[in-house]
Amino acid sequence: MPALVKKCRHARGEWGDCACQWYADYRLAGQRTYKPLGRDRAQAQAAYRVVLAELAAGITGVSGDPTFDEVADIYIAACRVRLRAQSVDRYEAVLAHARPYFGPGPAAAIGTAEVARFAQALLEDEHARSHVRMILGSTIASLRHEAALGLVERVPAMPSVLADATDDEPELEILTLEDARKVIAKLPEPERSLSTLVLWTGMRASEALALRPENVGDAVLMVRSTQVQGRRTKSGEVVTNRPKSRRGVRDVDLIPQAVDALGDLALPVDTTYRRWLQRWQGACKKARVPATGLHALRHTNVSLRFAAGQTLTYIADQVGDAPQTITRHYAHLLRAQTPPQTELLAAVASA
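Keep in mind the model is a prediction, meaning the values are calculated, not measured. (Residues numbered from 1 in each chain as written. Predicted model: local features only at pLDDT ≥ 70, side-chain atom pairs only at ≥ 80, totals over all residues. Heavy atoms only, no water.)

A. Highlighting the pattern of salt bridges. Throughout the structure, instances matching the rule amount to 12 salt bridges. Between Asp-125 and Lys-285 there is a salt bridge whose closest N-O contact spans 3.5 Å. Taken together, the positions of Asp-125 in the loop between helix H5 (112–124) and helix H6 (129–149) and Lys-285 in helix H11 (residues 273–286) put the pair 160 residues apart, joining distant regions of the chain. On the basis of relative accessibility, which here comes to 36%, the residue Asp-125 falls in the partly exposed class. (Salt bridge = Lys/Arg side-chain N within 4 Å of Asp/Glu carboxyl O. Helix = DSSP H or I, 4+ residues; strand = E, 2+ residues; numbered from the N terminus. Buried < 20%, exposed > 50% of the residue type's maximum accessible area, 1.4 Å probe, protein only.)

B. Highlighting the environment of Gln-257. Relative to the assigned elements, Gln-257 resides in helix H10 (residues 256–263). Note on Gln-257: relative accessible area 38%, which makes it partly exposed. In this structure, the C-alpha to C-alpha distance between Gln-257 and Thr-201, residues 56 residues apart in sequence, is 9.7 Å.

C. How the structure looks around helix H8 (residues 191–201). Where burial is concerned, most of H8 is hidden: 10 out of the 11 residues are buried. Buried within H8 are the following residues: Glu-191, Ser-193, Leu-194, Ser-195, Thr-196, Leu-197, Val-198, Leu-199, Trp-200 and Thr-201. Downstream of H8 by one or two residues, Gly-202 has phi in the positive range, about 80°.

D. Structural view of the packing of aromatic side chains. Tallied over the full model, the rule gives 6 aromatic pairs. Between Tyr-75 and Tyr-91, the aromatic rings sit 6.3 Å apart at their centres with planes inclined by 50°, giving tilted as the arrangement. Residue Tyr-75 is located in helix H2 (residues 68–82), and its partner Tyr-91 is located in helix H3 (residues 85–95); the two are separated by 16 residues in the primary sequence. Residue classification places Tyr-75 among the buried residues on the basis of a relative accessible area of 11%. With a relative accessible area of 28%, Tyr-91 lands in the partly exposed category. Their ring planes at 35° and their centres at 4.7 Å tell us that Tyr-101 and Phe-118 sit as a pair that is tilted. Of this pair, Tyr-101 sits in helix H4 (residues 99–102) while Phe-118 sits in helix H5, and the two are 17 residues apart along the sequence. You can call Tyr-101 partly exposed: its relative accessible area is 39%. (Phe/Tyr/Trp six-rings, centres within 6.5 Å; stacked < 30°, edge-to-face > 60°.)

None of the figures reported here should be taken as evidence of function without further support.
Below, the structure written as structure tokens:
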């Protein structure tokens, strides 16, 4: 049976509680395993509950030399214990790109060189660099999780081919308006109208999927909830939750293009995040546009708002973020739309 123990003489002696490390003691693939959980008792107990959940998810049945598919399944099972369902669904969709490449082979054989070749293959397949970074990040995170469990011995590093980005200009998936329209034209319904709506409102994909008829006002869209991916009630209805933050509860002003897209939609929308993402990425290939995630539509909307001259505070209110968040992520767009500052000050001085 698994146990929460300390591997020190204090734990067996007369000192009682000590500052030594706590461990989860259990058997994995026939071998006794000790997983360090930290020195704080409360944190160790919380981490120990996660270990028990992972074991209950079937980790004990994994062979001593697991394949990447087994590693990915274990990682997703652990994520289901710790994360929201919609975050787990996103990780599953991202790891689906790595499974065909690494899946049948042993996870222990995946090194930095193999990950670099995978990154190059994704780039040659016209995936956006930020999307490639997301796929590799989830792949490495799953291997890091299994290394902590003792299933693999090494964890590859992020390949240098993706290490040339700067903090000053973060890699955001931003499409040109022409490319966005090309991709949307290749989509079937209801994903075509959904994508058009997100392009002109800047909503998150989960917010668009949670829309109901009562959320539609007179040239205003009332965002009040998000869809929880992969979860349904006993009657088959999709589960919704509150938006990501308090700013997520907002009213979005609609332009005519967004109103037309809403008119083509039957709310609630009969699709899922995963189906929408798969069709979107398939449409990217058909339109010969680098494949991105659905969040690229939100980033594109913000870039179009800056190009149109909307103020920072108005953009933040419309997309449901704080102004400082918009500034941090889109500083390069702000600079591009800012007129020469010296001329502005000179005009004030000469007035």
